[in-house]
Amino acid sequence: MRNGWRSAILPRRDKPSSCAQPATAAATQTSVVGDSLGYRKYIDYVLLAEGVGQLSASLNFLSYLAGRTQRIRLGTAVVVLPWHNPALLAEQVATLDLLSDGRLDFGVGKGYRQNEFSGFCVPIEEATERFEETMAFLRKAWSTDGRFSHHGQRWHFDNIVIEPRACQQPHPPLWMGAGSFESIKRAARGGFNLLLDQIAPVDLIIERVAVYKAELQRLGRPYRPGMIAVARALQIIETEAEREQAHALRTKVLRAIGDLARGPGAERYQNIGSHADPNLASEESALLGTREEIVARLNKLEAGGVDNVLLVDPTGSPSALSTFAEGIMPAFADR
């Protein structure tokens, strides 16, 4: 069973921390990794891109990648907090941040898939409560010098110390996945950077960005470049026949996502007002097209306030990665 640790790469050009190097590489996500051969191929792809996709035990995997990469930021998108022991998680995250020289971005969520909560024997009705308690514990653990105690609704710890200290102080940047306007406002109020999905059309993404920035302004908090990241499927085509094939693959992938989202929360993939376009396979919600079309779509996202894009490549193709680097990235070289 996958444990809800999904990894992504957050390509950012932040100022480095005391032990970090600035990130300069592009980001990719690919499909789920399974057997040992799949992992080896995946590692080769990651090293080519300095990126990674969705898999189990991502903090373990990212720890390995921290030793094999040097520049790109490593991140989770997302760790579902209600399923994890907060004390162990605090130490695992701090250790990974230390091993990566401060290149970690920690993305979190409260989860919404009934079948996954059932697998962990955690009532989904407790998701919000468990998320909030775990997040409060993590912030306290990372900012407290020496020993401390915690007594909450679900977790109790007496006279503990969390080690090691994270490289980025007091903790790595925190990201929250959000879709509805209320959850986006909640992310802003909680001091989280914002992760947006790979399914919503560009116009809705831009609207969400505006909601997040408006809430920050209302709170009197500054917006800094690099606080918003948007996932987009990457499917570069050269011919109309390839376009048809890309649409068929995208439909297959989105159908799989929809299957995972059955039950409570499935409406996130059906209601444009809260999450996504009913026509989920629309090119408008993906980087699907020719190089020129993709550059135009990225320009539209940038004009709407997006400065981080996470590439979700359903093929995991090194050639597609090279085409993106050589044929699309140069259009943004002056950014």
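Residues numbered from 1 in each chain as written. Predicted model: local features only at pLDDT ≥ 70, side-chain atom pairs only at ≥ 80, totals over all residues. Heavy atoms only, no water.

**Student:** What should I look at first to understand the pairing of strand β6 (residues 174-177) in this one?
**Tutor:** On a regular strand, one side chain projects to one face of the sheet and the next to the other, so that they alternate. Examined bridge by bridge, strand β3 (residues 104-109) and β6 share three bridges and lie parallel to one another. Opposite Gly 107, over in β6, you have Trp 175 as the bridge partner. Pairing of β6 with strand β7 (residues 193-196) involves three bridges; the strand directions are parallel. Its bridge partner lying in β7, Met 176 is registered against Leu 194. Between β6 and its parallel partner β7, the chain crosses via helix α6 (residues 181-189), and the hand of that crossover is right-handed. (Pairing = 2+ DSSP bridges. Helix = DSSP H or I, 4+ residues; strand = E, 2+ residues; numbered from the N terminus. Right-handed = clockwise from strand over helix to strand, strands pointing away.)

**Student:** Looking at this structure, how should I read the pattern of salt bridges?
**Tutor:** Side chains that carry opposite charge are capable of pairing whenever their charged atoms lie near each other. Using the criterion set out here, one finds 16 salt bridges in the structure. Across the pair Arg 189 and Glu 215 runs a salt bridge, and its minimum N-O distance is 3.5 Å. With Arg 189 in helix α6 and Glu 215 in helix α7 (residues 202-219), this residue pair connects regions lying 26 residues apart in the sequence. A relative accessible area of 6% means that Glu 215 is categorised as buried. For Lys 300, the salt bridge is made with Asp 203, and the minimal N-O distance between the two is 3.1 Å. Linking Lys 300 in helix α9 (residues 291-303) with Asp 203 in helix α7, this pair joins segments that are 97 residues apart in sequence. Through salt bridges that share partners, Glu 126, Glu 129, Arg 130 and Arg 154 make up one connected network. (Salt bridge = Lys/Arg side-chain N within 4 Å of Asp/Glu carboxyl O. Buried < 20%, exposed > 50% of the residue type's maximum accessible area, 1.4 Å probe, protein only.)

**Student:** Explanation requested: the pairing of strand β8 (residues 228-236) in the structure shown.
**Tutor:** The element β8 is largely enclosed, with a buried count of nine among its nine residues. The alternating pattern of β8 places Ile 228, Val 230, Arg 232, Leu 234 and Ile 236 and Ala 229, Ala 231, Ala 233 and Gln 235 on opposite faces, both of which are buried. Two elements, β7 and β8, share three bridges in a ladder whose sense is parallel. Bridged to Leu 194 within β8 is Ile 228. Sheet analysis places β8 next to strand β10 (residues 309-312), joined by four bridges and oriented parallel.

**Student:** Would you explain the nonpolar core in this entry?
**Tutor:** Within soluble globular proteins, side chains that are nonpolar tend to cluster in buried spots. Within the largest apolar cluster, 62 residues are counted, with the highest numbers of intra-cluster contacts made by Leu 81, Phe 106, Phe 137, Leu 138, Trp 142 and Leu 298. The element that contributes the greatest number of residues to this core is α7, accounting for seven residues. When near neighbours in sequence (up to four residues on either side) are disregarded, Phe 106 contacts Thr 76, Val 79, Leu 81, Leu 89, Val 93, Leu 138, Trp 142, Pro 173, Leu 174 and Trp 175. (Core = buried A, V, L, I, M, F, W, Y, C linked by side-chain atoms within 4.5 Å. Contact = heavy atoms within 4.5 Å.)

**Student:** Can you walk me through the environment of Arg 113 in this structure?
**Tutor:** Here Arg 113 shows up in the loop between β3 and α4 (114-119). Accessibility expressed as a relative area gives 10% for Arg 113, which makes it buried. Put simply, Arg 113 and Ile 124 are eleven residues apart on the chain and 8.2 Å apart in space, counted from C-alpha to C-alpha.

**Student:** Hey, could you run me through the packing of aromatic side chains in this one?
**Tutor:** For any pair of aromatic rings, the description consists of the separation of the ring centres together with the inter-plane angle of the planes. Scanning all chains against the criterion turns up seven aromatic pairs. Between Phe 106 and Trp 142, the aromatic rings sit 6.0 Å apart at their centres with planes inclined by 85 degrees, giving edge-to-face as the arrangement. Here the residue Phe 106 occupies a position in strand β3, and Trp 142 occupies one in helix α5 (residues 127-143), the gap between them amounting to 36 residues. The exposure classification of Phe 106 matches that of Trp 142, with both residues buried. Relative to Phe 157, the ring of Trp 155 has its centre 6.1 Å away and its plane inclined at 10 degrees; by these criteria the two rings are stacked. Take Phe 157: its relative accessible area is 12%, and that puts it in the buried class. Among the aromatic residues, those joined into a ring-pair cluster are Phe 137, Phe 148, Trp 155 and Phe 157. Between Arg 139 and the ring centre of Phe 192, over which it is positioned, the NZ or CZ distance is 5.1 Å. (Phe/Tyr/Trp six-rings, centres within 6.5 Å; stacked < 30°, edge-to-face > 60°. Lys NZ or Arg CZ within 6 Å of the ring centre and 35° of its normal.)

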